[in-house]
Amino acid sequence: AESNRFSKIWYDRPLGLTFIKDKDSDGTTKTTKRVKVVKGSQADKFGIKNGAEVTAIDFTGQDRMSVEDKDFPETYALLRQGVDKLPHEEDRPYLELTFLDPSTK
């Protein structure tokens, strides 16, 4: 199963992911560690597929930690710590250059 794992690095928010909710056998709704990808988002551009499951998290100041044995609240708390370190994409400094194609002169 290791060959089916992949990692992606985000440098800003939003990630473009939401978590899928499932019903337990007793009918209780619970949030899973499987994701739904927002179309056109960073996650979508990374090629992450709906239903992919978060198995490990690492971020600045936190070494990679497996979350396979952790429940959703523990996983989400760790994810939140990482997301909180990221600037929002609109807060990032940027440089934009506009060019005239030489063939249009």
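Coordinates for the structure precede this section.
Residues numbered from 1 in each chain as written. Predicted model: local features only at pLDDT ≥ 70, side-chain atom pairs only at ≥ 80, totals over all residues. Heavy atoms only, no water.

J.: Describe the pattern of salt bridges, with residues and values.
T.: Applying the stated rule across the entire model yields five salt bridges. Between Asp24 and Lys30 there is a salt bridge, and its shortest N-O distance comes to 3.8 Å. The shortest N-O distance in the salt bridge between Asp58 and Arg64 comes to 3.3 Å. Classification of Arg64 as exposed rests on a relative accessible area of 54%. (Salt bridge = Lys/Arg side-chain N within 4 Å of Asp/Glu carboxyl O. Buried < 20%, exposed > 50% of the residue type's maximum accessible area, 1.4 Å probe, protein only.)

J.: Can you break down the packing of aromatic side chains residue by residue, with the values?
T.: For the structure shown, the criterion picks out four aromatic pairs. Aromatic side chains Trp10 and Phe46 sit 4.9 Å apart centroid to centroid with 75° between the ring planes, which places their arrangement in the edge-to-face category. Linking Trp10 in the segment before strand 1 (17-23) with Phe46 in the loop between helix 1 (42-45) and strand 3 (56-59), this pair joins segments that are 36 residues apart in sequence. Overall, Phe46 belongs to the partly exposed group, its relative accessible area being 28%. An aromatic cluster is defined as three or more aromatic residues linked by ring pairs; in this entry it consists of Phe19, Phe72 and Tyr76. (Phe/Tyr/Trp six-rings, centres within 6.5 Å; stacked < 30°, edge-to-face > 60°. Helix = DSSP H or I, 4+ residues; strand = E, 2+ residues; numbered from the N terminus.)

J.: Kindly report on a nonpolar patch on the surface, identifying the contributing residues and their values.
T.: A cluster of nonpolar side chains, contributed by Leu95, Leu97 and Phe99, occupies part of the molecular surface with about 420 Å² of accessible area. Residue classification places Leu95 among the exposed positions, given a relative accessible area of 71%. (Patch = residues over 30% accessible without salt bridge, like charges linked within 9 Å, V, L, I, M, F, W, Y side chains within 5 Å. Areas by Shrake-Rupley, 256 points an atom, 1.4 Å probe, with all protein chains shown as cover.)

J.: Break down unusual backbone geometry for me, citing the residues and quoting the values.
T.: In this structure, the amide linkage connecting Arg13 to the following residue, Pro14, adopts the cis form with an omega of -5°. Inspection of the secondary structure puts Pro14 in the segment before strand 1.

J.: Quick rundown of the pairing of strand 1? Include the residues and the values.
T.: As paired elements, strand 1 and strand 2 (residues 29-37) share six bridges and run antiparallel to each other. Pairing of Lys23 across the sheet is with Thr29, part of strand 2. Taken together, strand 1 and the strand that follows it, strand 2, pair antiparallel across an intervening segment of five residues, in which Gly27 is found at a positive phi of about 90°. (Pairing = 2+ DSSP bridges.)

J.: Report on the side chain of Lys33, specifying residues and quantitative values.
T.: Checked against the element boundaries, Lys33 lands in strand 2. Although Lys33 is buried, it makes no salt bridge; Glu53 carries the closest opposite charge, 4.6 Å away. A distance of 2.4 Å separates a polar side-chain atom of Lys33 from the backbone oxygen of Val67. Setting aside chain neighbours within four positions, we find Lys33 in contact with Phe19, Ala52, Glu53, Val54, Val67, Glu68, Asp69, Lys70, Phe72 and Thr75. (Lys, Arg positive; Asp, Glu negative; His and termini not counted. Polar contact = N/O pair within 3.5 Å; in protein donor to acceptor, adjacent residues only side chain to side chain. Contact = heavy atoms within 4.5 Å.)

The analysis is restricted to geometry; functional conclusions fall outside its scope.
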